[in-house]
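The residues making up each chain are set out below.
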Amino acid sequence: MAKMADVARRAGVSVSTVSHVINGTRYVKDETRDLVLEAVRSTGYTHNTVARSLKTSSTLTLGLAVSAVGNFHFAELVSAVDAATRASGYTLLMADTHDDPAEELSVVKMLHERRVDGLLLATSAGPRGAALRFVKNAGLPTVLIDRCASPAFDQVATANVEATARLVDHLADLGHTRIGLVAGRRSLRTSGERQRGWRRGMERKGLAASPDLVVVGDSQAYPAELATERLMSGEDAPTALVSGNNQMTLGVLRALARLGRKVPSDVALCAFDDFEWADLMHPSPTAIAQPVRETGRQAVELLIERIADPDGERRTVLLEPTFVHRASCGCAPVA
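Residues numbered from 1 in each chain as written. Predicted model: local features only at pLDDT ≥ 70, side-chain atom pairs only at ≥ 80, totals over all residues. Heavy atoms only, no water.

The protein chain appears in an unreviewed UniProt entry as LacI family DNA-binding transcriptional regulator from Streptomyces solicavernae.

Spelled out as structure tokens, the structure:
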């Protein structure tokens, strides 16, 4: 029996485009629509196949399990996923994992019980987490979003390592030799990737990647504030800092203000993650801006493909972020 993925391959379009044509959920150009309909006829894929699928299994809902409370990055990601989901003719069900492996397993089970057709998961538990074992055993089509954890699943995320190394390169080019890192929670894959990027940048510039230059901010503002105070209170404190995410950047700035260290005259600062309101900050932060909208769009499209073709080859998509040059690094921003 022909699948929607067979139609997509024959027509040379995405599975989501085939879905739009068949279900009438979004405008598709006439020439593309004609290609899809011809592929439907030639493969033998019929509307009866769709109707049977809707009757027996499909709920036209996607699940999203992510830590969203109080995190600017994930709030934007949720919005992007929701927009892409609705554009594809699906409805989104979201649950907050609170970045806790036990809670993550609980909400993934709940979404599965609600009979979502597929799941988008920003896992906090890593490749051996119980949630990943559960979705694999349940046969639930799953795409890992934002955090790559296992090539056994489709994954869409930012290329964290080289992006972080670029921040270090930039600070080193400005003459800094002791560049500190306020790193995220150790259990998160993104934290490890960004720490590897920091080390890559240090070594690439011939600088000592000393362990005393790294503190753990636990991916949150207040722990990052305390960690930055410890880091900057030593006799040989860094002259520049890299912050591992936007929440921790706020903590870093609070700590430096309490210590009387001005940015960038006393301490240069570069941040991973941008802020929508960055231009209102003084100084405005030099940052790595993640392609959040594109991450959401590609993750949803890949999940719909996997729903249509459960046995297809798994893919890992790493999207390039953008270096946003502003004032906190200590040099004039690029116009």
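Asker: Help me out: how do you make sense of the overall build of the protein chain in this one?
Answerer: When helices and strands are counted, the protein chain shows 12 helices and 12 strands. Each principal axis of the C-alpha distribution contributes one length, and for the protein chain these read about 75 × 45 × 35 Å. Considering the protein chain as a whole, with its 335 residues, one finds that 56% of them fall into the buried category. Intrachain contacts of the protein chain at a sequence separation of at least 6 include 71% that bridge at least 24 residues. For the protein chain, the distance from the average position of its 39 positive side-chain charges to the average position of its 39 negative side-chain charges is 4 Å. (Helix = DSSP H or I, 4+ residues; strand = E, 2+ residues; numbered from the N terminus. Buried < 20%, exposed > 50% of the residue type's maximum accessible area, 1.4 Å probe, protein only. Contact = heavy atoms within 4.5 Å. Lys, Arg positive; Asp, Glu negative; His and termini not counted. Charge placed at Lys NZ, Arg CZ, Asp CG, Glu CD.)

Asker: Sorry, what's going on with empty space enclosed by the protein here?
Answerer: Empty space among the atoms becomes visible once a probe the size of a water molecule is rolled across them. According to the stated counting rule, one finds 1 cavity of 30 Å³ or more in the structure shown. Every residue lining the largest cavity is listed: Thr123, Ser124, Ala125, Gly126, Arg147, Ala149, Ser187, Leu188 and Arg189. Grouping the amino acids of the lining of the largest cavity by side-chain chemistry returns 3 nonpolar, 4 polar and 2 charged. (1 Å grid on protein atoms, 1.4 Å probe; cavity = no way out; pocket = protein on both sides within 12 Å on 5 of 7 lines; lining within 4 Å. Points joined across faces, edges and corners; volume = space filled by probe spheres on them. Nonpolar A, V, L, I, M, F, W, Y, C, P; charged D, E, K, R; others polar.)

Asker: What is the right way to read the pattern of salt bridges from this model?
Answerer: Pairs may arise between side chains of opposite charge once their charged atoms sit close together. If you walk through the whole model with that rule in mind, you get 23 salt bridges. Across the pair Glu162 and Arg204 runs a salt bridge whose closest N-O atoms are separated by 2.9 Å. Here Arg204 lies in helix 9 (residues 189-204) and Glu162 lies in helix 8 (residues 160-173), a separation of 42 residues in the sequence. Take Arg204: its relative accessible area is 41%, and that puts it in the partly exposed class. Overlapping salt bridges bring together Glu162, Asp169, Arg200 and Arg204 as one network. (Salt bridge = Lys/Arg side-chain N within 4 Å of Asp/Glu carboxyl O.)

Asker: What is the right way to look at the environment of Gln247 in this model?
Answerer: With respect to the helices and strands, the residue Gln247 is situated in helix 11 (residues 246-258). Residue Gln247 is classed as buried on the basis of its relative accessible area, which comes to 11%. Distance in space between the C-alpha atoms of Gln247 and Phe272 is 9.8 Å, their sequence separation being 25 residues.

Asker: Any chance you could explain the nonpolar core here in plain terms?
Answerer: Where a protein is soluble and globular, its nonpolar side chains tend to be buried together. Counting 39 residues, the largest nonpolar core has Leu64, Val81, Leu120 and Ile145 as its most contacted members. At the level of secondary structure, the elements contributing two or more residues to this core comprise helix 1 (4-11), helix 2 (15-23), helix 3 (30-43), strand 1 (61-66), helix 5 (72-87), strand 4 (142-145), helix 12 (292-308) and strand 11 (316-319). When residues in this core are grouped by element, the largest group, 7 residues, is from helix 12. One finds Leu181, Ala183, Leu207 and Ala209 within the second-largest nonpolar core, a separate group that totals 23 residues. (Core = buried A, V, L, I, M, F, W, Y, C linked by side-chain atoms within 4.5 Å.)

Asker: Help me understand the layout of surface pockets in this model?
Answerer: In this structure, the second largest pocket encloses a volume near 360 Å³. Looking at the lining of the second largest pocket, the elements that each hand over two or more residues are helix 5, helix 9 and helix 11. Partitioned by chemical class, the residues of the lining of the second largest pocket number 5 nonpolar, 15 polar and 7 charged.

Asker: Can you help me understand the packing of aromatic side chains in this one?
Answerer: The description of two aromatic rings rests on the distance between their centres and on the angle between their planes. In this structure the tally under the stated criterion is 3 aromatic pairs. With a centroid separation of 5.9 Å and 85 degrees between ring planes, the pair formed by Phe72 and Trp277 is classed as edge-to-face. A residue pair is termed long-range when its members are at least 10 positions apart, and Phe72 in helix 5 and Trp277 in the loop between strand 9 (268-272) and strand 10 (286-289) qualify at 205 residues. Overall, Phe72 belongs to the partly exposed group, its relative accessible area being 36%. (Phe/Tyr/Trp six-rings, centres within 6.5 Å; stacked < 30°, edge-to-face > 60°.)

Asker: I tried to follow the side chain of Ser150 on my own but got confused; where do I start?
Answerer: Position of Ser150 among the secondary structure elements: in the loop between strand 4 and strand 5 (154-158). When its relative accessible area of 13% is taken as the criterion, Ser150 is described as buried.

Asker: Mind showing me how you'd approach the sheet that holds strand 8 (residues 240-243) here?
Answerer: In a beta sheet, neighbouring strands are held together by backbone hydrogen bonds and run either parallel or antiparallel to one another. Strand order in the open sheet made by the 6 strands is 7-6-8-9-10-12, with mixed pairing throughout. Unpaired on one side and paired on the other, strand 7 (214-216) and strand 12 (322-324) mark the two borders of the sheet. Ignoring which end each strand starts from, the neighbouring axes of this sheet average 15 degrees apart. Of the strand pairs in this sheet, strand 6 (residues 179-183) and strand 8 are connected by 4 bridges, and their pairing is parallel. (Pairing = 2+ DSSP bridges. Axes fitted to C-alpha atoms, helices over the stretch in contact; angles between N-to-C directions.)

Asker: Looking at this structure, how should I read the confidence of the model for the protein chain?
Answerer: When pLDDT is low, close inspection of the predicted coordinates is not appropriate. For the protein chain, per-residue confidence averages 92 on the pLDDT scale, and residues scoring 70 or more make up 94% of the total. For the stretch residues 52-56, pLDDT sits under 50, and the model shows 4 contacts to residues farther than four places along the chain or on other chains. (pLDDT = per-residue confidence, 0-100.)

Asker: When you look at unusual backbone geometry in this model, what are you seeing that I'm missing?
Answerer: Glycine aside, a negative phi is what most residues show, and trans is what most peptide bonds show. Omega for the peptide link from Val263 to Pro264 comes to 5 degrees, which places this bond in the cis form. Structurally, Pro264 is set in the loop between helix 11 and strand 9. Here the amide bond leading from His282 into Pro283 is cis, since omega sits at -5 degrees, within 30 degrees of zero. Relative to the helices and strands, Pro283 resides in the loop between strand 9 and strand 10. The backbone of Asp273 shows a phi angle near 90 degrees, a positive value even though the residue is not glycine. Take Asp273: it is sitting in the loop between strand 9 and strand 10. Taking the relative accessible area as the measure of exposure, Asp273 reaches 5% and is therefore buried.

Asker: What is the right way to look at a nonpolar patch on the surface in this model?
Answerer: Together, Phe72, Trp277 and Leu280 line one region of the surface with nonpolar side chains, adding up to about 330 Å² of accessible area. Inspection of the secondary structure assignment puts Leu280 in the loop between strand 9 and strand 10. (Patch = residues over 30% accessible without salt bridge, like charges linked within 9 Å, V, L, I, M, F, W, Y side chains within 5 Å. Areas by Shrake-Rupley, 256 points an atom, 1.4 Å probe, with all protein chains shown as cover.)

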